[in-house]
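Read off the chains here:
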Amino acid sequence: MKQISIVFMLTLFFMASCKTEKVKTDTKSDFQFNVEKFADLKILRYPVTGFNDLSLKQKELLYYLSQAAIEGRDIMFDQNYRHNLAIRRTFEAIYENYTGDRNSNNFKALEVYLKRVWFSNGIHHHYSTDKFVPGFDSDYFLSLINEIDESKLPVNKKHIEETLVPVMFNPQIDAKRVNQQQGVDIIATSANNYWGENVSQAEAEAFYNEMKDPNNKTPVSYGLNSRLEKEKGKLTEKVWKVGGVYSPAIEKIVFWLEKAATVAENDEQKQVIDYLVDYYKTGKLETFDKYNVAWLADQDSHIDFVNGFIETYGDPLGLKASWESLVNFKNIEATHRTEIISENAQWFEDHSPVDPRFKKKKVKGVTAKVITAAMLGGDCYPATPIGINLPNADWIRKEHGSKSVTIENITYAYDQASKGNGFLEEFAYSQKEIDRARKYGFQADNLHTDLHECLGHGSGQLLPGVAGDELKAYGATIEEARADLFALYYMGTNKIVELKLLPDNEAFKTAYDDYIRNGLMTQLTRIKLGNNIEESHMRNRQLIARWAYEHGKDEKVIEKKNKDGKTFYVINDYIKLRELFGQFLAEIQRVKSEGDYETAKQLIETYAVKIDPDLHAEVLERYEKLDLAPYSGFVNPVYKVVKDDSGKISNITLDYTEGYTEQMMRYSKEHSWLPSYN
Ligand code: ZN
C-alpha cells in the first residue's frame with residue numbers, strides 16, 4: 001500500500017481517556033455528543049469550536065466549501081457499488097411512503113438496514129467491506145414494494161424484484177467490496193464500481209502498466225479519476241468530470257467552489273480553488289497535481305479543505321480514488337502546542353536517556369497542524385478519519401512535502417461521547433484513577449500523540465553502515481515503540497510542566513495508567529480469542545507494557561491485582577515506571593541504531609505477540625457486557641445563512657439539532673443529483 005495515513009479511529013482507543021479541563025469556547029455544556037446507536041455503529045455529533053469567532057467573509061467561505069462537500073455524496077455511493085443508489089432510494093421511498101405498522105420487528109429491522117446503508121455509503125460494511133445481510137426477508141421486502149406506487153420508486157418493480165432482491169439477500173453475490181485475497185482475480189471478486197463488469201485484473205494491470213514511464217520524474221496518478229470499462233472489447237477510461245461520468249454532481253461541486261473562490265482569504269488560496277475547478281472541468285490529472293502543489297504552498301490560510309478523488313483504499317489495485325471532502329480551519333491554540341514541542345526539539349534530543357552515539361546532533365521537530373472540522377463529505381462521512389496526511393502522489397511528497405493534520409474537535413467529540421459508557425469504570429482499578437482520567441485524559445492523550453509524531457519518530461540516528469532495513473518484519477514495531485517511549489518518558493518530566501504542555505505533575509499519571517491498561521488488557525478487545533497480536537502498533541503497546549511490568553516486578557512498580565474475580569494492572573510507582581521507560585527507550589534506540597535484528601526478534605517474540613488466553617477471555621467477556629458499538633460516525637452541523645433586508649448575507653449560524661435520519665433524508669432530497677445508474 002501507499003504511504004498514506006488516514007487514521008480511522010475505532011471507538012476503543014478513546015474510551016479510556018476523558019474530558020479536558022479547558023472549557024472550549026462556544027461548546028455549551030449541554031452539547032449533545034451522542035446521537036444514536038444501532039447495529040455495531042454509534043452516531044456522534046462534533047462541535048465546530050471557534051466558528052463564531054471567524055469573520056463574516058471566513059464564515060461565508062466555509063459555508064460555500066461546506067456545500068461543495070455535501071454535493072458529491074451520491075458519487076461515493078455509486079463508486080462503492082453500482083446498485084447502491086437504486087437500493088438506497090428504494091428504501092428511502094419505503095421509509096417515506098409506508099403506511100402500515102412501523103413498530104413491527106420487520107419494519108424496525110428495515111430501518112436499521114437503511115441506517116447501515118447510509119452509514120456505509122452502500123450495502124457493504126464501511127470497515128470490513130463485507131456485504132451485510134438485512135434483518136428481514138425478501139418476502140417482507142417485496143410486500144412493501146407491492147404497496148408502493150411505482151412512480152415513487154427510483155427504478156421499476158421488475159428491476160427491484162429481479163436484480164436488487166438477489167443482490168441484497170443472496171450472500172454469495174458481490175459479497176465483498178474490496179477483496180485483497182492473494183491468488184484470485186481481485187478486481188473480478190471485488191464488488192466496487194471502479195472497474196467495468198468484464199474487466200479482469202490482468203487487463204487492468206496491463207492497461208495502466210503501459211502508461212507508466214519509468215523516466216518520468218513527475219508522473220500523474222494514472223487511473224485516479226475514472227472507471228475503466230470494456231466497450232466492444234476495447235478498454236476505455238470513463239472520466240469523472242463535468243461532461244463525463246458523475247457530471248450532475250460535479251457541476252454542483254464546481255458551482256459552490258466558484259462561489260468560494262470569490263471570498264478566498266488570499267491569492268494563493270484562490271489559485272488552489274481555481275486549479276481544482278479547472279481539474280473538475282477537464283479531468284486532467286496534470287491539473288490535479290498542480291492543484292496539490294498549490295495546496296501545499298498555501299500555508300497561511302486559516303481555512304483549508306480537501307475536495308476530490310483522493311484515497312484509493314476502496315480499489316484493490318490502489319489506483320481509483322473515492323470522492324471525499326473535509327472542510328476545516330486551523331485550531332490556533334492546539335497548533336501552538338505542537339509549535340512549542342517542535343521549537344524545543346533539540347533540548348529533548350540532547351536530554352534523552354539514549355547513548356550519545358545514537359543521538360542526532362541537529363534535530364528538526366515537525367509542527368503538526370491541528371484543525372477543526374467544519375464539514376464532512378463523501379468518504380469522510382459519516383465515518384471520518386482523525387488525522388490526514390496528503391497529498392498521496394509520491395513525487396509530490398518528495399519534492400514538495402505533505403500536510404499532516406490532526407482533527408481535534410473530532411477526537412474531542414469521541415472523548416466526550418465515551419463518558420459514562422462504563423469502559424473506564426470497568427477496566428480502571430480505583431476511583432482515583434477514574435477521576436484523574438476524567439480530569440486530564442484528553443489533554444494527556446493529545447500530548448502523547450504530539451510527542452510521538454512531532455519528536456519521537458524524528459529522533460535518534462543510525463550508526464554509520466546501518467541501512468535501516470536490518471530489522472525486517474520487526475522494524476515497524478521497534479519504530480513505533482521508539483516513538484511511544486520517547487513520548488512516555490518525557491511526559492513524566494518537569495520540562496513538560498515548565499513548557500505548560502501539561503498543567504501539573506499529576507497529569508502524566510493518567511497517560512501511564514492508560515498506556516499500561518491498554519497495552520496489557522483493553523486493546524485485546526480487538527482480537528479474536530486464540531489469535532496472536534499481529535498489527536505493529538498493537539505489538540508495540542504490549543511490548544512496552546509487558547516489558548515494564550516484568551522489569552519492575554521485584555519492586556512491584558506495576559502490580560497485577562484481582563478484585564471481585566477481575567484482573568487489574570495497577571501502577572504503584574510512577575517515577576520508577578518513568579525510569580523503566582527511559583531504560584527501555586535507550587535499549588530500543590540501540591537496537592534501531594545498530595540494526596540488531598536478533599534482539600528485536602527476541603524482544604518482540606517474548607513480550608509483544610502472545611496473549612495469555614485466560615486473561616484474553618476475561619477481557620472479552622467484560623467488554624461484551626458493556627455492549628458498546630465498535631464503530632462511530634458523525635452527523636454534520638447545519639449551516640444557516642442569515643440575510644439582511646437587502647438580501648445580503650449578514651451572518652452564518654450553526655445548528656446542531658438535526659438527527660441522523662433527518663440529515664440523511666435531507667441530503668438525499670436536497671443534495672442528490674445523480675441517476676440511479678451511472
Ligand atoms: Zn507512529
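Here we look at the overall build of the protein chain
Secondary structure assignment for the protein chain yields 25 helices and 15 strands. Rg of the C-alpha trace for the protein chain: 26 Å, near the compact-globule value of 26 Å for 678 residues, within the 12% margin. The dimensions of the protein chain, computed from C-alpha atoms along their principal axes, are 75 × 65 × 55 Å. Burial statistics for the protein chain: of 678 residues in total, 59% are counted as buried. Across the protein chain, the fraction of contacts at a sequence separation of at least 24, relative to all contacts at a separation of at least 6, is 74%.

Concerning the sheet that holds strand E2 (residues 34-38)
If you walk across this open sheet you meet the 3 strands as E2-E3-E13, and the pairing is mixed. Edge strands, defined here as strands with exactly one partner in the open sheet, are E2 and strand E13 (631-635). Here the strands of the sheet are splayed against their neighbours by 25° on average, with no regard to which way each runs. In terms of strand pairing, strand E3 (residues 41-45) meets E13 through 5 bridges, oriented parallel. Looking across to E13, one finds that Leu 41 is bridged to Tyr 631. Of the strands in this sheet, E2, E3 and E13 touch helix H5 (residues 105-120), which is tilted by about 65° from E3. Sheet contacts for helix H25 (residues 660-670): E2, E3 and E13; angle to E2, the most-contacted strand, approximately 85°.

What about the nonpolar core?
In terms of nonpolar packing, the biggest core is built from 133 residues, with Phe 141 and Leu 257 touching the most fellow members. Mapping this core onto the domain boundaries places at least three of its residues in each of domain 1 (7-74 + 250-633) and domain 2 (82-176). By size, the runner-up hydrophobic cluster in this structure holds 72 residues, among which are Tyr 549, Tyr 574, Ile 611 and Val 619.

Quick word on the coordination of the zinc ion
Within the protein, the atoms that donate to the zinc ion are His 452 (NE2), His 457 (NE2) and Glu 480 (OE), at distances of 2.1 to 2.2 Å. Positions of the donor residues of the zinc ion, expressed as sequence spacing, correspond to H-x4-H-x22-E. Residue His 452 is classed as buried on the basis of its relative accessible area of 8%. Among the residues examined, His 457 registers a relative accessible area of 27% and is labelled partly exposed.

Quick look at unusual backbone geometry
Here Tyr 381 and Pro 382 are connected by a cis peptide whose omega angle stands at -5°. A cis amide bond links Leu 390 to the next residue, Pro 391, at an omega of 0°. For Pro 391, the position within the fold is in the loop between strand E9 (385-390) and helix H14 (394-400). Unusually for a residue other than glycine, Asn 121 sits at a positive phi of about 50°. On the accessibility criterion, Asn 121 (5% relative accessible area) is buried. The residue Lys 472 is not glycine, and still its phi comes out positive at about 45°. Relative to the helices and strands, Lys 472 is located in the loop between helix H17 (431-454) and helix H18 (475-491).

Side note on the pattern of salt bridges
All chains considered together, the criterion is met by 43 salt bridges. Of the charged contacts, one joins Lys 576 and Glu 555 as a salt bridge, the two residues approaching to 3.2 Å between their closest N and O atoms. Of the two residues, Lys 576 sits in helix H22 (residues 574-594) while Glu 555 sits in the loop between helix H21 (536-551) and strand E11 (558-563), which places them 21 residues apart along the sequence. The exposure class of Lys 576 is partly exposed, given its relative accessible area of 30%. Relative accessible area serves as the criterion here: at 51%, Glu 555 is assigned to the exposed category. Linked through salt bridges whose partners overlap, the residues forming this network are Asp 355, Arg 357, Glu 587, Arg 590, Glu 594 and Asp 596.

A short note on the pairing of strand E12 (residues 566-571)
Most of E12 sits out of view: 5 of its 6 residues are buried. Two elements, E11 and E12, share 6 bridges in a ladder whose sense is antiparallel. By the bridge assignment, Lys 561 is partnered in E12 with Phe 568. Connecting E11 to the next strand, E12, in antiparallel fashion are 2 residues, including Asp 564 with a positive phi near 50°.

Describing the packing of aromatic side chains
For any pair of aromatic rings, the description consists of the separation of the ring centres together with the inter-plane angle of the planes. Enumeration over the complete set of coordinates arrives at 47 aromatic pairs. Between Tyr 113 and Phe 132, the ring centres sit 5.7 Å apart and the planes meet at 75°, which makes this aromatic pair edge-to-face. With a gap of 19 residues between them, Tyr 113 in helix H5 and Phe 132 in the loop between H5 and helix H6 (138-147) connect regions that are remote in the sequence. With a relative accessible area of 2%, Tyr 113 lands in the buried category. Summarising the aromatic geometry, the rings of Tyr 127 and Tyr 631 are spaced 5.2 Å apart at their centres and angled 40° between planes, so their arrangement reads as tilted. With Tyr 127 in the loop between H5 and H6 and Tyr 631 in strand E13, the pair connects residues that are 504 residues apart, well separated along the chain. With relative accessibility at 44%, the residue Tyr 127 sits in the partly exposed group. Grouping aromatic residues by their ring pairs yields a cluster made of Tyr 194, Trp 240, Tyr 246, Tyr 279, Tyr 280, Phe 288, Tyr 291 and Phe 309. Over the face of the ring belonging to Tyr 429 we find Lys 563, whose NZ or CZ atom lies 4.6 Å from the ring centre. Over the ring of Phe 568 we find Arg 622, and its NZ or CZ is 4.9 Å from the ring centre.

As for the packing of H5 against H25
Contact geometry for H5 and H25: axes closest at 11 Å, N-to-C directions at 65°. Relative to H25, H5 is oriented so that their crossing is left-handed. Residue-level contacts link Lys 115, Trp 118 and Phe 119 of H5 to Tyr 660, Thr 661, Met 664, Met 665 and Ser 668 of H25. Considering only residue class, the contact of H5 with H25 consists of 5 nonpolar, 2 polar and 1 charged.

Describing helix H11 (residues 285-297)
Relative to the 18 Å expected for 13 residues at 1.5 Å per residue, H11 spans 19 Å between its end C-alpha atoms, a close match to the ideal helical length. Looking only at H11, the buried set comprises Leu 285, Thr 287, Phe 288, Asp 289, Tyr 291, Asn 292, Ala 294, Trp 295 and Leu 296. Buried residues along H11 sit in contact with helix H10 (267-282), strand E6 (303-311), E9, H14 and strand E10 (403-407).

Observations regarding the environment of Asn 505
Assignment of secondary structure puts Asn 505 in the loop between helix H19 (494-498) and helix H20 (508-520). With relative accessibility at 46%, the residue Asn 505 sits in the partly exposed group. For the pair Asn 505 and Glu 598, spaced 93 residues apart in the sequence, the C-alpha separation amounts to 38 Å. Among residues more than four places away in sequence, those in contact with Asn 505 are Asn 494 and Val 497.

Each value, and the rule that gives it
Residues numbered from 1 in each chain as written. Predicted model: local features only at pLDDT ≥ 70, side-chain atom pairs only at ≥ 80, totals over all residues. Heavy atoms only, no water. Helix = DSSP H or I, 4+ residues; strand = E, 2+ residues; numbered from the N terminus. Rg over C-alpha atoms; globule rule 2.2 N^0.38 Å. Buried < 20%, exposed > 50% of the residue type's maximum accessible area, 1.4 Å probe, protein only. Contact = heavy atoms within 4.5 Å. Pairing = 2+ DSSP bridges. Axes fitted to C-alpha atoms, helices over the stretch in contact; angles between N-to-C directions. Core = buried A, V, L, I, M, F, W, Y, C linked by side-chain atoms within 4.5 Å. Domains from an automatic or database assignment. Donors = N, O, S within 2.8 Å, 3.2 Å for Na, K, Ca; no water. Salt bridge = Lys/Arg side-chain N within 4 Å of Asp/Glu carboxyl O. Phe/Tyr/Trp six-rings, centres within 6.5 Å; stacked < 30°, edge-to-face > 60°. Lys NZ or Arg CZ within 6 Å of the ring centre and 35° of its normal. Left-handed = near helix turned anticlockwise from the far one by under 90°. Nonpolar A, V, L, I, M, F, W, Y, C, P; charged D, E, K, R; others polar. Expected span 1.5 Å × (residues − 1).

All quantities given are derived from atomic positions and should not be read as evidence of function.
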